[in-house]
Each structure stands twice: as C-alpha cells, then as structure tokens.
Amino acid sequence: MYNIDYLHLDHAQQRLLDAAAKAMETAYNPYSSFYVGAALLAQNGKIITGANVENAAYGSCICAERSALVRANAMNIRRFEKVTVIARAVDAPTSEVTAPCGGCRQMLYEAAQLSDKDLEVIMSTTKKDKIVIAKMSELLPLASGPKDLGINLAQYRGK
Ligand code: THU
C-alpha cells in the first residue's frame, strides 16, 4: 500500500480515476448526500463505472463499487485489473481517501478470484490531492472465499 501523486499515475490509472469522478456525480444519495464513484478496468480493456444508489429502506442501499460490479456482470464481464474509488460530501471535498466498505471488499475479493491476478485498488480524495494504491489482498487479508467452499470458478470467468 502506498501514496502516489495524480501526476505519477500512468495514463490508464488517470483515465480510470477520471471515469470514477464522473460517475460519482450520478450518485442517487437523498439520505446521505455522500457521492461515491467507482470505475473498474476490465481485463478486456473496458471501463465500467458505478455510483452509490440509496433507498428509503437504508439497508437496500448499494455502494458505487458493487453498482459497478453488477453493471459489469450484466455485460458478462467478470475479470478486472483495477478499480478506483473517489467520493465527495454534498458541499465539501474529502480530505482523506474513501476506501471500499467491508461488503464491497468481499465482493471485490471474489472479482479478484475470478481475475488473472490480484486487483489494484486506487483510492482518491475528491480533488485527487491524496491517492492511495493498495492490492485487494491487502484490503481483505485472510479472506473467506470460493476456495473455502471448494468451489471452482473456472466456468464463471466471463468475457
Ligand atoms: N458508499 C459507497 O458507495 N462506497 C464506499 O466505499 C463507501 C460508502 C456509499 C454508501 C452510501 O450511499 C454512502 O456512501 C454513505 O455511506
């Protein structure tokens, strides 16, 4: 896990973070007023974005990361290289990076299991003035996953 400046990200990372920032503005967030955007870089080169979608039954809210994963699944895309997460409050930028919640880490871990290698997770403040890069395995060590159930995911790897 390390900190990096926006200008030191490579072109693909910058593009992915910019896509997440754009998606963040589509958040449906009447309850928290917190805007979160996520962008997945699929192994086939496609970028799939998502934003948080809230609901009056609060437990039914879906985070930006899961929203992007579900959208990718609808496109039969299940293997990824990177994911970026960025957020803002309704009237203020974040001063610390926003990291995936526990539930999203679990879902991203499963996506990493389907992928050819560990997922890179790029987390940014609103103004991209603080960026942290971690591996999925660092964000969810000792994860419980398909291997614990003896499940082989080979036939579920998508496009
Ligand atoms: N949220 C995300 O979309 N992703 C995260 O990583 C953290 C939290 C959303 C859920 C909810 O809509 C709002 O942010 C406040 O928790």
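To start, this report covers the structure provided alongside it. Remember, it's a predicted structure, so these values are computed and weren't measured experimentally. (Residues numbered from 1 in each chain as written. Predicted model: local features only at pLDDT ≥ 70, side-chain atom pairs only at ≥ 80, totals over all residues. Heavy atoms only, no water.)

### Description of the packing of aromatic side chains
Turning to step 1, where the next piece is worked out: Counted by the stated rule, this structure contains one aromatic pair.
Turning to step 2, where the next piece is worked out: When the ring centre of Y35 is taken as reference, the NZ or CZ atom of R88 above it lies at 3.8 Å. (Phe/Tyr/Trp six-rings, centres within 6.5 Å; stacked < 30°, edge-to-face > 60°. Lys NZ or Arg CZ within 6 Å of the ring centre and 35° of its normal.)

### Some remarks on the nonpolar core
Turning to step 1, where the next piece is worked out: L40, F80, L108, L119 and M136 are the most contacted members of the largest nonpolar core, which has 27 residues in total.
Turning to step 2, where the next piece is worked out: Mapped onto this core, the elements with two or more residues apiece are strand 2 (35–42), helix 2 (64–74), strand 4 (80–88), helix 3 (102–114), strand 5 (120–124), strand 6 (131–135) and helix 4 (136–139).
Turning to step 3, where the next piece is worked out: The contacts of L40, once residues within four sequence positions are left out, are L16, K46, I47, I48, A68, L69, A72, F80, K82, V83 and L108. (Core = buried A, V, L, I, M, F, W, Y, C linked by side-chain atoms within 4.5 Å. Buried < 20%, exposed > 50% of the residue type's maximum accessible area, 1.4 Å probe, protein only. Helix = DSSP H or I, 4+ residues; strand = E, 2+ residues; numbered from the N terminus. Contact = heavy atoms within 4.5 Å.)

### A short note on helix 1 (residues 11–24)
Turning to step 1, where the next piece is worked out: For helix 1, which comprises 14 residues, the first-to-last C-alpha distance of 20 Å matches the rise-based estimate of 20 Å (1.5 Å per residue) to within 8%.
Turning to step 2, where the next piece is worked out: Structurally, helix 1 contributes buried residues whose contacts are with strand 2, strand 3 (47–51), strand 4, strand 5 and strand 6.
Turning to step 3, where the next piece is worked out: Taking the backbone nitrogen of A12 as reference, a side-chain oxygen 3.1 Å away marks D10 as the first, capping residue of helix 1. (Expected span 1.5 Å × (residues − 1). Polar contact = N/O pair within 3.5 Å; in protein donor to acceptor, adjacent residues only side chain to side chain.)

### Considerations on the site of the ligand
Turning to step 1, where the next piece is worked out: In the vicinity of the ligand, the contacting residues are S32, F34, V36, N52, E54, C63, A64, E65, A99, P100 and C101.
Turning to step 2, where the next piece is worked out: Within the side chain of E65, one N or O atom sits 2.6 Å away from an oxygen atom of the ligand.
Turning to step 3, where the next piece is worked out: Spatially, the ligand is embedded in the second largest pocket.
Turning to step 4, where the next piece is worked out: Taken together, the residues of the shell around the ligand break down into seven nonpolar, two polar and two charged. (Near = heavy atom within 4 Å. 1 Å grid on protein atoms, 1.4 Å probe; cavity = no way out; pocket = protein on both sides within 12 Å on 5 of 7 lines; lining within 4 Å. Sits in = over half its atoms within 2 Å of the grid points. Nonpolar A, V, L, I, M, F, W, Y, C, P; charged D, E, K, R; others polar.)

### What about the layout of surface pockets?
Turning to step 1, where the next piece is worked out: Estimated volume of the largest pocket: approximately 210 Å³.
Turning to step 2, where the next piece is worked out: Considering the residues around the largest pocket, the lining is formed by L69, V70, N73, I77, R78, F80, M107, E110, A111, L114, L153 and Y156.
Turning to step 3, where the next piece is worked out: Mapped by element, the contributors of at least two residues to the lining of the largest pocket are helix 2 and helix 3.
Turning to step 4, where the next piece is worked out: The biggest single contributor to the lining of the largest pocket is helix 3, with four residues. (Points joined across faces, edges and corners; volume = space filled by probe spheres on them.)

### Some thoughts on the sheet that holds strand 6
Turning to step 1, where the next piece is worked out: Spatial strand order, 1-6-5-4-2-3: six strands in an open sheet with mixed pairing. The open sheet has two edge strands with one neighbour each: strand 1 (2–4) and strand 3. Averaged over all pairs of adjacent strands, the angle between their axes in this sheet comes to 20°, without regard to strand direction.
Turning to step 2, where the next piece is worked out: Two elements, strand 2 and strand 3, share five bridges in a ladder whose sense is antiparallel. Note that in strand 3 the partner of G37 across the bridge is A51. (Pairing = 2+ DSSP bridges. Axes fitted to C-alpha atoms, helices over the stretch in contact; angles between N-to-C directions.)

### Comments concerning a nonpolar patch on the surface
Turning to step 1, where the next piece is worked out: Together, Y28, Y31, V53 and Y58 give the surface a local cluster of nonpolar side chains, amounting to about 440 Å² of exposed area.
Turning to step 2, where the next piece is worked out: The topology assignment puts Y58 in the loop between strand 3 and helix 2. (Patch = residues over 30% accessible without salt bridge, like charges linked within 9 Å, V, L, I, M, F, W, Y side chains within 5 Å. Areas by Shrake-Rupley, 256 points an atom, 1.4 Å probe, with all protein chains shown as cover. Salt bridge = Lys/Arg side-chain N within 4 Å of Asp/Glu carboxyl O.)

### Structural notes on the side chain of R88
Turning to step 1, where the next piece is worked out: Among the secondary structure elements, R88 is positioned in strand 4.
Turning to step 2, where the next piece is worked out: Engagement of the side chain of R88 in a polar contact is seen with the side chain of E25, the distance being 2.7 Å.
Turning to step 3, where the next piece is worked out: Separated by 3.1 Å, the side chain of R88 and the backbone oxygen of V90 make a polar contact.

### Focus on unusual backbone geometry
Turning to step 1, where the next piece is worked out: The phi dihedral of N76 is positive, around 60°, even though this residue is not glycine.
Turning to step 2, where the next piece is worked out: Topologically, N76 is positioned in the loop between helix 2 and strand 4.
Turning to step 3, where the next piece is worked out: Its relative accessible area of 35% is what places N76 among the partly exposed residues.

Shape is all these values report; function is a separate question.
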